[in-house]
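# Remarks on the overall topology
Chain residues, written in single-letter form:
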Amino acid sequence: MLPGVVALRGALIAAWEADLRAVRQDTFDVGRGRESLVFIQRFYALISDLRGPIQRSWGPGGHVHVVDSPKLGGPGPRVSQSRIRLRNHGELVGVELFSYTDGDSRANHSAGLDREIRVAGAEPLTIVSELYRTTVDFLQVALNLELGLNGTAWLYEHVAANYFVAEGRWPSVGEVYRGATREFAVSDSYESVLALAAPRAETNGHANGSALATNGNGAAEGIEYRLTIDQLQRFDEPQSDLENFVQLVHVAVTADQEDRPVESDAIVSSVGLDAVALQKLGLLVAHTPDVCREGSFSTDYGSWTFLPSYNVHFFRRAHAIDDFLIVQASLVPRAATEGTTTTSPGTAFKVDEGSTLPDGIVTFLMTDVVESTPMWLQSRASMYQAMRRHDQLLTAAIEANGGIVLKERGEGDSFFAVFLRGTDAVVAAVDAQQAIQAERWPDRLSVSVRMAVLTGEADAADRDYRSPAVNRCAKLRRRAVGNQILVSETTYSIVADILRPDIVLASVGKRRLEGHDRPEEIYVVQHPEVSLETDVAEDAVATI
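So, a few notes on the structure that sits alongside this text. (Residues numbered from 1 in each chain as written. Predicted model: local features only at pLDDT ≥ 70, side-chain atom pairs only at ≥ 80, totals over all residues. Heavy atoms only, no water.)

A word on the packing of aromatic side chains. Inspection of every chain in the model, using the stated rule, returns twelve aromatic pairs. Each residue in the set F297, Y301, W304 and F306 is aromatic and connected to the rest through ring pairs, giving one cluster. Between R293 and the ring centre of Y310, over which it is positioned, the NZ or CZ distance is 4.2 Å. (Phe/Tyr/Trp six-rings, centres within 6.5 Å; stacked < 30°, edge-to-face > 60°. Lys NZ or Arg CZ within 6 Å of the ring centre and 35° of its normal.)

A word on the sheet that holds strand β9 (residues 304-308). The antiparallel open sheet is built from three strands, whose spatial order is β7-β9-β8. Every interior strand has two partners, whereas the edge strands, β7 (262-263) and β8 (292-297), have only one. Where β8 lies against β9, four bridges are found, and the strand directions are antiparallel. Directly across from F297, in β9, lies its bridge partner W304. (Pairing = 2+ DSSP bridges. Helix = DSSP H or I, 4+ residues; strand = E, 2+ residues; numbered from the N terminus.)

Attention now moves to helix α4 (residues 124-143). Taking 1.5 Å of rise per residue, the 20 residues of α4 would be expected to cover 28 Å, and the 28 Å separating its terminal C-alpha atoms lies within 8% of that figure. Of all 20 residues in α4, 14 are buried, a share of seventy percent or more. In the stretch just after α4, N144 is the one whose phi turns positive, near 55 degrees. (Expected span 1.5 Å × (residues − 1). Buried < 20%, exposed > 50% of the residue type's maximum accessible area, 1.4 Å probe, protein only.)

A few words on the pattern of salt bridges. What the rule picks out here adds up to 22 salt bridges. Between R133 and E130 there is a salt bridge whose closest N-O contact spans 3.9 Å. One end of the pair, R133, and the other, E130, are both in helix α4, three residues apart, so they sit about a helical turn from each other. One salt bridge connects D391 with R317, and the closest N-O pair in it is separated by 3.3 Å. (Salt bridge = Lys/Arg side-chain N within 4 Å of Asp/Glu carboxyl O.)

Tracing the backbone through its elements, the reader meets I522 in strand β18 (residues 520-526). Its relative accessible area of 0% is what places I522 among the buried residues. C-alpha separation for the pair I522 and T490, spaced 32 residues apart in sequence, amounts to 9.5 Å.

On to helix α5 (residues 153-167). For α5, which comprises 15 residues, the first-to-last C-alpha distance of 21 Å matches the rise-based estimate of 21 Å (1.5 Å per residue) to within 8%. Looking at α5, one finds that the buried residues are W154, L155, Y156, E157, H158, V159, A160, A161 and F164. Phi for G168, located one or two positions after α5, is positive at around 75 degrees.

Along the chain, D241 falls in helix α9 (residues 239-257). Of note is the side chain of D241, whose polar atom sits 3.2 Å from the side chain of K280. Not counting chain neighbours up to four residues away, the residues in contact with D241 comprise F164, V165, K280 and L284. (Polar contact = N/O pair within 3.5 Å; in protein donor to acceptor, adjacent residues only side chain to side chain. Contact = heavy atoms within 4.5 Å.)

Encoded structure:
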(Lines give C-alpha, C1' and ligand atoms only; values in the text may rest on other atoms or scores of the structure.)
Protein backbone atom coordinates (compact mmCIF):
# COMPACT_ATOMS: atom_id res chain seq x y z
CA MET A 1 0.00 0.00 0.00
CA LEU A 2 1.72 3.16 -1.23
CA PRO A 3 2.22 6.12 1.15
CA GLY A 4 -0.45 8.21 -0.59
CA VAL A 5 -3.00 5.43 -0.19
CA VAL A 6 -2.02 4.98 3.47
CA ALA A 7 -2.59 8.72 3.99
CA LEU A 8 -6.00 8.61 2.29
CA ARG A 9 -6.94 5.56 4.32
CA GLY A 10 -5.76 7.33 7.48
CA ALA A 11 -7.86 10.40 6.74
CA LEU A 12 -10.92 8.20 6.16
CA ILE A 13 -10.28 6.28 9.39
CA ALA A 14 -9.90 9.50 11.37
CA ALA A 15 -13.26 10.82 10.13
CA TRP A 16 -14.95 7.44 10.57
CA GLU A 17 -13.68 6.98 14.11
CA ALA A 18 -14.69 10.53 15.01
CA ASP A 19 -18.27 9.74 13.99
CA LEU A 20 -18.20 6.37 15.79
CA ARG A 21 -16.97 8.21 18.87
CA ALA A 22 -19.82 10.69 18.54
CA VAL A 23 -22.32 7.84 18.29
CA ARG A 24 -20.80 6.25 21.41
CA GLN A 25 -21.22 9.57 23.25
CA ASP A 26 -24.77 10.09 21.91
CA THR A 27 -23.75 13.32 20.14
CA PHE A 28 -24.14 12.25 16.51
CA ASP A 29 -27.05 14.15 14.92
CA VAL A 30 -28.87 12.14 12.26
CA GLY A 31 -31.29 15.01 11.57
CA ARG A 32 -34.58 13.41 12.59
CA GLY A 33 -37.33 14.23 10.10
CA ARG A 34 -34.81 15.14 7.37
CA GLU A 35 -32.43 12.18 7.48
CA SER A 36 -32.05 11.89 3.70
CA LEU A 37 -31.00 15.51 3.27
CA VAL A 38 -28.56 15.36 6.19
CA PHE A 39 -27.08 12.08 4.91
CA ILE A 40 -26.47 13.58 1.44
CA GLN A 41 -24.94 16.73 2.90
CA ARG A 42 -22.63 14.72 5.15
CA PHE A 43 -21.51 12.53 2.25
CA TYR A 44 -20.74 15.44 -0.07
CA ALA A 45 -18.92 17.28 2.72
CA LEU A 46 -16.85 14.18 3.49
CA ILE A 47 -15.64 13.85 -0.11
CA SER A 48 -14.83 17.57 -0.14
CA ASP A 49 -12.86 17.29 3.12
CA LEU A 50 -10.87 14.39 1.65
CA ARG A 51 -9.90 16.34 -1.48
CA GLY A 52 -6.22 16.66 -0.51
CA PRO A 53 -5.62 13.00 0.45
CA ILE A 54 -7.55 11.84 -2.63
CA GLN A 55 -5.36 13.89 -4.95
CA ARG A 56 -2.20 12.60 -3.27
CA SER A 57 -3.34 8.97 -3.30
CA TRP A 58 -1.62 8.24 -6.63
CA GLY A 59 1.64 9.86 -5.60
CA PRO A 60 3.50 12.81 -7.16
CA GLY A 61 3.06 11.49 -10.68
CA GLY A 62 -0.64 10.80 -10.26
CA HIS A 63 -3.38 12.85 -11.87
CA VAL A 64 -6.61 12.77 -9.90
CA HIS A 65 -9.47 15.22 -10.32
CA VAL A 66 -11.71 15.99 -7.37
CA VAL A 67 -14.66 18.16 -8.41
CA ASP A 68 -17.83 18.92 -6.49
CA SER A 69 -19.27 21.63 -8.74
CA PRO A 70 -22.55 20.85 -10.56
CA LYS A 71 -21.24 22.89 -13.50
CA LEU A 72 -18.67 20.17 -14.25
CA GLY A 73 -20.39 16.91 -15.03
CA GLY A 74 -23.58 17.48 -13.09
CA PRO A 75 -24.36 17.45 -9.36
CA GLY A 76 -22.45 15.26 -6.96
CA PRO A 77 -18.71 14.83 -6.39
CA ARG A 78 -16.53 13.65 -9.28
CA VAL A 79 -13.27 11.87 -8.49
CA SER A 80 -11.20 11.31 -11.63
CA GLN A 81 -13.62 9.94 -14.23
CA SER A 82 -16.29 8.73 -11.80
CA ARG A 83 -19.11 10.83 -10.39
CA ILE A 84 -21.52 9.80 -7.67
CA ARG A 85 -24.96 11.34 -7.18
CA LEU A 86 -27.13 10.88 -4.11
CA ARG A 87 -30.86 11.56 -4.51
CA ASN A 88 -33.36 12.39 -1.79
CA HIS A 89 -36.17 9.82 -2.01
CA GLY A 90 -37.86 10.73 1.25
CA GLU A 91 -37.21 7.81 3.57
CA LEU A 92 -34.53 6.51 1.20
CA VAL A 93 -31.33 7.87 -0.30
CA GLY A 94 -30.66 6.72 -3.87
CA VAL A 95 -27.06 6.16 -4.92
CA GLU A 96 -26.04 6.36 -8.60
CA LEU A 97 -22.60 6.17 -10.21
CA PHE A 98 -21.73 7.90 -13.47
CA SER A 99 -18.63 7.67 -15.68
CA TYR A 100 -17.37 10.91 -17.20
CA THR A 101 -15.90 10.31 -20.67
CA ASP A 102 -15.68 12.29 -23.91
CA GLY A 103 -17.21 15.35 -22.28
CA ASP A 104 -20.32 13.45 -21.20
CA SER A 105 -21.48 11.78 -18.00
CA ARG A 106 -23.20 8.41 -18.35
CA ALA A 107 -24.74 6.07 -15.80
CA ASN A 108 -22.42 3.20 -14.90
CA HIS A 109 -24.59 0.42 -13.49
CA SER A 110 -21.92 -2.26 -13.95
CA ALA A 111 -19.82 -0.86 -11.09
CA GLY A 112 -22.33 -2.22 -8.58
CA LEU A 113 -22.68 0.97 -6.53
CA ASP A 114 -26.27 1.81 -7.46
CA ARG A 115 -28.63 1.12 -4.54
CA GLU A 116 -31.06 2.67 -2.08
CA ILE A 117 -30.30 3.28 1.59
CA ARG A 118 -33.10 3.46 4.15
CA VAL A 119 -32.22 6.29 6.52
CA ALA A 120 -35.59 7.37 8.00
CA GLY A 121 -35.77 6.08 11.58
CA ALA A 122 -32.40 4.33 11.29
CA GLU A 123 -30.07 4.13 14.29
CA PRO A 124 -27.05 6.49 14.32
CA LEU A 125 -24.61 3.57 14.03
CA THR A 126 -26.45 2.35 10.92
CA ILE A 127 -26.29 5.84 9.40
CA VAL A 128 -22.54 6.07 10.04
CA SER A 129 -21.93 2.58 8.65
CA GLU A 130 -23.87 3.31 5.45
CA LEU A 131 -22.19 6.73 5.07
CA TYR A 132 -18.67 5.32 5.13
CA ARG A 133 -19.52 2.14 3.25
CA THR A 134 -20.76 4.32 0.39
CA THR A 135 -17.67 6.53 0.59
CA VAL A 136 -15.23 3.62 0.57
CA ASP A 137 -17.02 1.85 -2.30
CA PHE A 138 -17.05 5.03 -4.38
CA LEU A 139 -13.37 5.87 -3.83
CA GLN A 140 -12.24 2.32 -4.55
CA VAL A 141 -14.06 2.35 -7.89
CA ALA A 142 -13.07 5.91 -8.79
CA LEU A 143 -9.38 5.47 -7.92
CA ASN A 144 -9.10 1.78 -8.84
CA LEU A 145 -7.48 0.85 -5.55
CA GLU A 146 -8.14 -1.28 -2.49
CA LEU A 147 -8.48 0.62 0.81
CA GLY A 148 -8.91 -2.44 3.02
CA LEU A 149 -11.84 -0.91 4.91
CA ASN A 150 -14.54 -3.45 4.19
CA GLY A 151 -16.31 -4.84 7.24
CA THR A 152 -15.29 -3.83 10.77
CA ALA A 153 -11.97 -5.68 11.25
CA TRP A 154 -10.03 -2.49 10.45
CA LEU A 155 -11.30 -0.81 13.64
CA TYR A 156 -9.92 -3.54 15.91
CA GLU A 157 -6.71 -3.71 13.89
CA HIS A 158 -6.27 0.03 14.38
CA VAL A 159 -6.77 -0.31 18.13
CA ALA A 160 -4.19 -3.15 18.17
CA ALA A 161 -1.73 -1.13 16.04
CA ASN A 162 -1.98 1.89 18.35
CA TYR A 163 -1.49 -0.35 21.39
CA PHE A 164 1.59 -1.93 19.79
CA VAL A 165 3.07 1.49 19.00
CA ALA A 166 2.49 2.83 22.52
CA GLU A 167 3.24 -0.23 24.67
CA GLY A 168 5.77 -2.22 22.68
CA ARG A 169 3.78 -5.46 22.85
CA TRP A 170 0.72 -7.03 21.29
CA PRO A 171 -2.56 -6.55 23.17
CA SER A 172 -4.85 -9.42 24.04
CA VAL A 173 -8.16 -9.78 22.23
CA GLY A 174 -9.87 -8.70 25.47
CA GLU A 175 -7.78 -5.52 25.63
CA VAL A 176 -8.57 -4.71 21.99
CA TYR A 177 -12.28 -5.32 22.43
CA ARG A 178 -12.53 -3.30 25.66
CA GLY A 179 -10.51 -0.47 24.12
CA ALA A 180 -12.75 -0.34 21.05
CA THR A 181 -16.07 -0.55 22.89
CA ARG A 182 -15.11 2.02 25.51
CA GLU A 183 -14.30 4.59 22.84
CA PHE A 184 -16.41 3.73 19.80
CA ALA A 185 -19.88 2.50 19.01
CA VAL A 186 -19.65 -1.05 17.63
CA SER A 187 -22.11 -3.82 16.89
CA ASP A 188 -19.67 -6.76 17.02
CA SER A 189 -19.77 -9.19 19.92
CA TYR A 190 -16.61 -10.21 21.76
CA GLU A 191 -16.91 -13.69 20.27
CA SER A 192 -16.89 -12.32 16.73
CA VAL A 193 -13.70 -10.33 17.43
CA LEU A 194 -12.16 -13.39 19.05
CA ALA A 195 -12.93 -15.35 15.88
CA LEU A 196 -10.97 -12.73 13.88
CA ALA A 197 -7.91 -13.06 16.08
CA ALA A 198 -7.83 -16.79 16.84
CA PRO A 199 -6.95 -18.05 13.30
CA ARG A 200 -4.22 -15.41 13.04
CA ALA A 201 -2.74 -16.39 16.40
CA GLU A 202 -2.80 -20.08 15.48
CA THR A 203 -1.10 -19.40 12.15
CA ASN A 204 1.62 -17.24 13.70
CA GLY A 205 2.16 -19.71 16.47
CA HIS A 206 2.64 -22.74 14.22
CA ALA A 207 4.80 -20.78 11.78
CA ASN A 208 7.24 -19.97 14.58
CA GLY A 209 7.18 -23.28 16.39
CA SER A 210 5.20 -22.12 19.41
CA ALA A 211 1.73 -22.75 20.76
CA LEU A 212 -1.20 -20.36 20.60
CA ALA A 213 0.06 -17.10 22.10
CA THR A 214 -1.67 -16.02 25.31
CA ASN A 215 -1.24 -13.28 27.87
CA GLY A 216 -2.16 -15.27 30.96
CA ASN A 217 -5.89 -14.60 31.48
CA GLY A 218 -7.20 -17.87 30.05
CA ALA A 219 -6.75 -19.27 26.56
CA ALA A 220 -9.53 -17.17 25.04
CA GLU A 221 -9.06 -13.91 26.95
CA GLY A 222 -5.30 -13.91 26.54
CA ILE A 223 -4.96 -14.60 22.83
CA GLU A 224 -2.73 -11.94 21.34
CA TYR A 225 -4.25 -9.73 18.69
CA ARG A 226 -1.10 -9.85 16.61
CA LEU A 227 -0.92 -8.01 13.29
CA THR A 228 1.19 -8.86 10.28
CA ILE A 229 3.57 -6.32 8.79
CA ASP A 230 1.13 -5.96 5.90
CA GLN A 231 -1.65 -5.04 8.35
CA LEU A 232 0.56 -2.60 10.28
CA GLN A 233 1.61 -0.90 7.05
CA ARG A 234 -1.98 0.20 6.41
CA PHE A 235 -1.93 2.59 9.38
CA ASP A 236 -0.09 5.87 9.89
CA GLU A 237 1.01 5.33 13.49
CA PRO A 238 3.41 2.36 13.02
CA GLN A 239 5.26 3.85 10.03
CA SER A 240 8.39 4.83 12.02
CA ASP A 241 8.60 1.30 13.44
CA LEU A 242 8.32 -0.13 9.93
CA GLU A 243 11.12 2.18 8.76
CA ASN A 244 13.27 0.73 11.56
CA PHE A 245 12.31 -2.74 10.35
CA VAL A 246 13.49 -1.98 6.81
CA GLN A 247 16.82 -0.76 8.22
CA LEU A 248 17.09 -4.03 10.15
CA VAL A 249 16.44 -5.97 6.94
CA HIS A 250 19.38 -4.19 5.29
CA VAL A 251 21.57 -5.10 8.28
CA ALA A 252 20.40 -8.72 7.95
CA VAL A 253 21.28 -8.77 4.22
CA THR A 254 24.82 -7.59 5.04
CA ALA A 255 25.11 -10.05 7.92
CA ASP A 256 24.01 -12.89 5.62
CA GLN A 257 26.78 -12.02 3.15
CA GLU A 258 29.30 -11.96 6.01
CA ASP A 259 27.87 -15.15 7.55
CA ARG A 260 27.29 -13.68 11.00
CA PRO A 261 24.27 -13.20 13.32
CA VAL A 262 22.35 -9.98 13.89
CA GLU A 263 22.38 -8.74 17.48
CA SER A 264 20.13 -6.17 19.16
CA ASP A 265 23.07 -4.39 20.85
CA ALA A 266 24.61 -3.68 17.45
CA ILE A 267 21.26 -2.39 16.14
CA VAL A 268 20.95 0.02 19.07
CA SER A 269 24.38 1.48 18.38
CA SER A 270 23.95 1.69 14.59
CA VAL A 271 20.31 2.78 14.32
CA GLY A 272 19.87 4.48 17.70
CA LEU A 273 16.67 3.01 19.14
CA ASP A 274 15.13 3.42 22.58
CA ALA A 275 14.07 0.39 24.64
CA VAL A 276 10.45 0.33 23.43
CA ALA A 277 11.43 0.71 19.76
CA LEU A 278 13.90 -2.18 20.17
CA GLN A 279 11.18 -4.35 21.70
CA LYS A 280 8.86 -3.64 18.79
CA LEU A 281 11.60 -4.44 16.31
CA GLY A 282 12.22 -7.74 18.06
CA LEU A 283 8.51 -8.59 17.93
CA LEU A 284 8.36 -7.87 14.22
CA VAL A 285 11.46 -9.77 13.17
CA ALA A 286 10.69 -12.77 15.41
CA HIS A 287 7.61 -13.53 13.35
CA THR A 288 9.10 -12.80 9.91
CA PRO A 289 10.69 -16.09 8.81
CA ASP A 290 11.88 -14.61 5.50
CA VAL A 291 14.26 -12.41 7.55
CA CYS A 292 14.92 -14.36 10.75
CA ARG A 293 15.90 -17.95 11.49
CA GLU A 294 17.25 -19.57 14.65
CA GLY A 295 16.54 -16.50 16.77
CA SER A 296 16.95 -16.10 20.52
CA PHE A 297 14.65 -13.50 22.10
CA SER A 298 14.27 -12.39 25.73
CA THR A 299 10.83 -12.59 27.31
CA ASP A 300 10.10 -8.91 26.68
CA TYR A 301 11.90 -8.91 23.28
CA GLY A 302 14.20 -6.18 24.58
CA SER A 303 17.29 -8.25 23.78
CA TRP A 304 17.72 -10.65 20.89
CA THR A 305 19.98 -12.24 18.31
CA PHE A 306 19.19 -14.18 15.16
CA LEU A 307 20.70 -15.68 12.05
CA PRO A 308 19.46 -14.14 8.78
CA SER A 309 16.99 -16.26 6.82
CA TYR A 310 18.10 -18.09 3.69
CA ASN A 311 15.60 -15.86 1.84
CA VAL A 312 16.88 -12.52 3.16
CA HIS A 313 18.96 -11.83 0.02
CA PHE A 314 15.72 -11.26 -1.92
CA PHE A 315 15.17 -8.03 0.04
CA ARG A 316 18.41 -6.25 -0.81
CA ARG A 317 16.51 -3.92 -3.14
CA ALA A 318 13.78 -3.16 -0.58
CA HIS A 319 14.15 0.54 0.22
CA ALA A 320 10.74 1.00 1.86
CA ILE A 321 8.18 -1.21 3.55
CA ASP A 322 6.00 -1.41 0.44
CA ASP A 323 9.06 -2.74 -1.46
CA PHE A 324 9.55 -5.38 1.24
CA LEU A 325 5.93 -6.50 1.10
CA ILE A 326 5.91 -6.75 -2.70
CA VAL A 327 9.03 -8.93 -2.68
CA GLN A 328 7.68 -11.02 0.21
CA ALA A 329 4.41 -11.58 -1.63
CA SER A 330 6.30 -12.74 -4.72
CA LEU A 331 8.18 -15.48 -2.88
CA VAL A 332 6.94 -19.00 -3.33
CA PRO A 333 4.91 -19.93 -0.21
CA ARG A 334 7.03 -21.80 2.29
CA ALA A 335 5.72 -25.34 2.10
CA ALA A 336 8.10 -28.24 2.28
CA THR A 337 5.26 -30.61 1.48
CA GLU A 338 4.78 -31.81 -2.07
CA GLY A 339 8.27 -30.63 -2.98
CA THR A 340 7.50 -26.90 -3.29
CA THR A 341 10.65 -24.80 -3.05
CA THR A 342 11.12 -21.29 -1.72
CA THR A 343 14.20 -20.30 -3.65
CA SER A 344 12.77 -18.02 -6.29
CA PRO A 345 10.69 -14.86 -6.35
CA GLY A 346 7.72 -14.92 -8.66
CA THR A 347 8.07 -18.53 -9.74
CA ALA A 348 7.34 -21.93 -8.26
CA PHE A 349 8.71 -25.23 -9.43
CA LYS A 350 8.06 -28.73 -8.22
CA VAL A 351 10.71 -31.21 -7.26
CA ASP A 352 9.51 -34.80 -7.43
CA GLU A 353 9.19 -36.36 -4.01
CA GLY A 354 12.47 -37.97 -3.00
CA SER A 355 14.45 -36.28 -5.80
CA THR A 356 16.56 -33.14 -6.06
CA LEU A 357 17.53 -30.56 -8.64
CA PRO A 358 19.38 -31.96 -11.66
CA ASP A 359 22.96 -33.06 -11.02
CA GLY A 360 25.78 -33.80 -13.41
CA ILE A 361 26.29 -31.84 -16.61
CA VAL A 362 23.97 -28.83 -16.51
CA THR A 363 23.91 -25.39 -18.14
CA PHE A 364 23.73 -22.17 -16.16
CA LEU A 365 22.36 -18.82 -17.30
CA MET A 366 23.36 -15.72 -15.33
CA THR A 367 22.11 -12.21 -16.04
CA ASP A 368 22.63 -8.75 -14.61
CA VAL A 369 21.20 -5.28 -15.27
CA VAL A 370 23.99 -2.93 -16.37
CA GLU A 371 24.46 0.39 -14.52
CA SER A 372 21.40 -0.15 -12.36
CA THR A 373 22.64 1.92 -9.39
CA PRO A 374 22.40 5.33 -11.15
CA MET A 375 18.89 4.42 -12.32
CA TRP A 376 17.87 3.55 -8.75
CA LEU A 377 19.16 6.96 -7.65
CA GLN A 378 17.38 8.69 -10.53
CA SER A 379 13.93 7.32 -9.70
CA ARG A 380 13.41 4.63 -7.08
CA ALA A 381 9.69 4.28 -7.80
CA SER A 382 10.13 3.96 -11.57
CA MET A 383 13.10 1.65 -11.19
CA TYR A 384 11.25 -0.64 -8.85
CA GLN A 385 8.39 -0.85 -11.34
CA ALA A 386 10.91 -1.56 -14.10
CA MET A 387 12.65 -4.29 -12.09
CA ARG A 388 9.39 -6.02 -11.33
CA ARG A 389 8.71 -6.14 -15.07
CA HIS A 390 12.31 -7.22 -15.73
CA ASP A 391 11.86 -10.14 -13.34
CA GLN A 392 8.61 -11.15 -15.03
CA LEU A 393 10.15 -11.09 -18.51
CA LEU A 394 13.20 -13.12 -17.52
CA THR A 395 11.20 -15.64 -15.53
CA ALA A 396 8.79 -16.12 -18.45
CA ALA A 397 11.62 -16.64 -20.96
CA ILE A 398 13.48 -19.07 -18.70
CA GLU A 399 10.45 -21.16 -17.76
CA ALA A 400 9.12 -21.24 -21.34
CA ASN A 401 12.35 -22.95 -22.35
CA GLY A 402 12.41 -25.52 -19.57
CA GLY A 403 14.72 -23.66 -17.20
CA ILE A 404 14.46 -23.26 -13.44
CA VAL A 405 14.99 -19.86 -11.82
CA LEU A 406 17.03 -20.60 -8.73
CA LYS A 407 17.67 -17.24 -7.11
CA GLU A 408 19.42 -13.93 -7.51
CA ARG A 409 23.16 -14.33 -7.44
CA GLY A 410 25.82 -11.65 -7.03
CA GLU A 411 25.57 -7.89 -7.02
CA GLY A 412 23.17 -5.84 -9.07
CA ASP A 413 19.77 -6.86 -10.34
CA SER A 414 20.68 -10.38 -11.34
CA PHE A 415 19.20 -13.78 -12.18
CA PHE A 416 20.54 -17.31 -11.85
CA ALA A 417 18.92 -20.22 -13.69
CA VAL A 418 19.72 -23.83 -14.55
CA PHE A 419 18.85 -25.89 -17.63
CA LEU A 420 19.18 -29.56 -18.47
CA ARG A 421 19.87 -28.68 -22.14
CA GLY A 422 22.38 -26.12 -23.32
CA THR A 423 20.28 -25.25 -26.38
CA ASP A 424 17.36 -24.31 -24.12
CA ALA A 425 19.59 -21.97 -22.12
CA VAL A 426 20.82 -20.15 -25.23
CA VAL A 427 17.30 -19.81 -26.66
CA ALA A 428 16.01 -18.54 -23.30
CA ALA A 429 18.72 -15.88 -23.25
CA VAL A 430 17.81 -14.72 -26.76
CA ASP A 431 14.08 -14.65 -25.92
CA ALA A 432 14.78 -12.69 -22.75
CA GLN A 433 16.92 -10.10 -24.56
CA GLN A 434 14.27 -9.72 -27.24
CA ALA A 435 11.55 -9.17 -24.63
CA ILE A 436 13.65 -6.66 -22.68
CA GLN A 437 14.47 -4.65 -25.79
CA ALA A 438 10.82 -4.62 -26.91
CA GLU A 439 9.55 -3.41 -23.53
CA ARG A 440 8.56 0.25 -23.03
CA TRP A 441 10.28 1.08 -19.76
CA PRO A 442 8.80 3.70 -17.40
CA ASP A 443 10.14 7.21 -16.93
CA ARG A 444 12.45 6.99 -19.95
CA LEU A 445 14.65 4.39 -18.24
CA SER A 446 17.02 2.49 -20.50
CA VAL A 447 17.36 -1.05 -19.21
CA SER A 448 20.07 -3.25 -20.70
CA VAL A 449 21.07 -6.69 -19.47
CA ARG A 450 24.26 -8.69 -19.82
CA MET A 451 24.11 -12.48 -19.87
CA ALA A 452 26.38 -15.49 -19.75
CA VAL A 453 25.73 -19.15 -20.55
CA LEU A 454 28.09 -21.86 -19.34
CA THR A 455 27.86 -25.66 -19.22
CA GLY A 456 29.68 -27.59 -16.54
CA GLU A 457 29.54 -30.30 -13.94
CA ALA A 458 27.71 -29.42 -10.75
CA ASP A 459 25.93 -31.12 -7.88
CA ALA A 460 22.78 -29.68 -6.32
CA ALA A 461 22.88 -29.39 -2.54
CA ASP A 462 20.19 -27.79 -0.40
CA ARG A 463 18.37 -26.85 -3.61
CA ASP A 464 21.30 -24.76 -4.76
CA TYR A 465 24.46 -25.22 -6.80
CA ARG A 466 27.95 -24.55 -5.56
CA SER A 467 30.70 -25.58 -7.92
CA PRO A 468 33.55 -24.11 -9.98
CA ALA A 469 31.16 -24.01 -12.96
CA VAL A 470 28.92 -21.53 -11.14
CA ASN A 471 31.88 -19.29 -10.36
CA ARG A 472 33.13 -19.45 -13.94
CA CYS A 473 29.68 -18.50 -15.24
CA ALA A 474 29.60 -15.47 -12.93
CA LYS A 475 33.04 -14.40 -14.16
CA LEU A 476 32.01 -14.90 -17.79
CA ARG A 477 29.00 -12.65 -17.15
CA ARG A 478 31.37 -10.03 -15.77
CA ARG A 479 33.12 -9.86 -19.16
CA ALA A 480 29.81 -9.08 -20.92
CA VAL A 481 28.29 -5.67 -21.57
CA GLY A 482 24.68 -4.56 -21.88
CA ASN A 483 22.60 -6.21 -24.63
CA GLN A 484 25.10 -9.03 -24.91
CA ILE A 485 25.06 -12.82 -24.42
CA LEU A 486 28.40 -14.58 -23.93
CA VAL A 487 28.64 -18.35 -24.32
CA SER A 488 31.44 -20.54 -22.96
CA GLU A 489 33.45 -22.95 -25.08
CA THR A 490 31.92 -25.92 -23.22
CA THR A 491 28.43 -24.79 -24.14
CA TYR A 492 29.47 -24.07 -27.74
CA SER A 493 30.88 -27.57 -28.17
CA ILE A 494 27.52 -29.04 -27.16
CA VAL A 495 25.04 -26.75 -28.97
CA ALA A 496 26.89 -25.49 -32.07
CA ASP A 497 25.53 -28.12 -34.45
CA ILE A 498 21.98 -28.35 -33.07
CA LEU A 499 20.96 -24.73 -32.45
CA ARG A 500 18.14 -23.12 -34.38
CA PRO A 501 19.49 -21.71 -37.68
CA ASP A 502 18.53 -18.14 -36.76
CA ILE A 503 20.85 -18.16 -33.73
CA VAL A 504 24.56 -17.80 -34.47
CA LEU A 505 27.46 -18.24 -32.07
CA ALA A 506 30.45 -16.19 -33.25
CA SER A 507 33.90 -16.59 -31.72
CA VAL A 508 35.67 -13.50 -30.38
CA GLY A 509 38.85 -15.41 -29.58
CA LYS A 510 40.36 -16.51 -26.31
CA ARG A 511 39.83 -14.54 -23.14
CA ARG A 512 41.09 -15.12 -19.62
CA LEU A 513 38.41 -15.07 -16.91
CA GLU A 514 39.24 -13.34 -13.66
CA GLY A 515 41.23 -15.58 -11.31
CA HIS A 516 41.96 -18.21 -13.98
CA ASP A 517 45.25 -18.73 -15.75
CA ARG A 518 43.93 -20.77 -18.67
CA PRO A 519 42.29 -18.61 -21.37
CA GLU A 520 39.25 -20.08 -23.10
CA GLU A 521 37.39 -19.45 -26.32
CA ILE A 522 34.40 -17.13 -25.86
CA TYR A 523 31.43 -16.80 -28.21
CA VAL A 524 28.84 -14.06 -28.65
CA VAL A 525 25.26 -14.76 -29.65
CA GLN A 526 23.88 -13.10 -32.78
CA HIS A 527 20.29 -13.00 -34.00
CA PRO A 528 18.83 -11.05 -36.96
CA GLU A 529 15.85 -9.73 -34.94
CA VAL A 530 17.65 -8.87 -31.70
CA SER A 531 20.17 -6.06 -31.29
CA LEU A 532 23.07 -7.80 -29.53
CA GLU A 533 26.54 -6.44 -28.84
CA THR A 534 29.37 -8.46 -30.41
CA ASP A 535 32.54 -6.80 -29.10
CA VAL A 536 34.33 -8.23 -26.06
CA ALA A 537 37.17 -6.29 -24.51
CA GLU A 538 40.67 -7.69 -24.90
CA ASP A 539 42.49 -8.95 -21.84
CA ALA A 540 44.43 -6.30 -19.99
CA VAL A 541 48.15 -6.50 -20.73
CA ALA A 542 50.31 -6.46 -17.63
CA THR A 543 53.19 -3.98 -17.77
CA ILE A 544 56.53 -4.49 -16.04
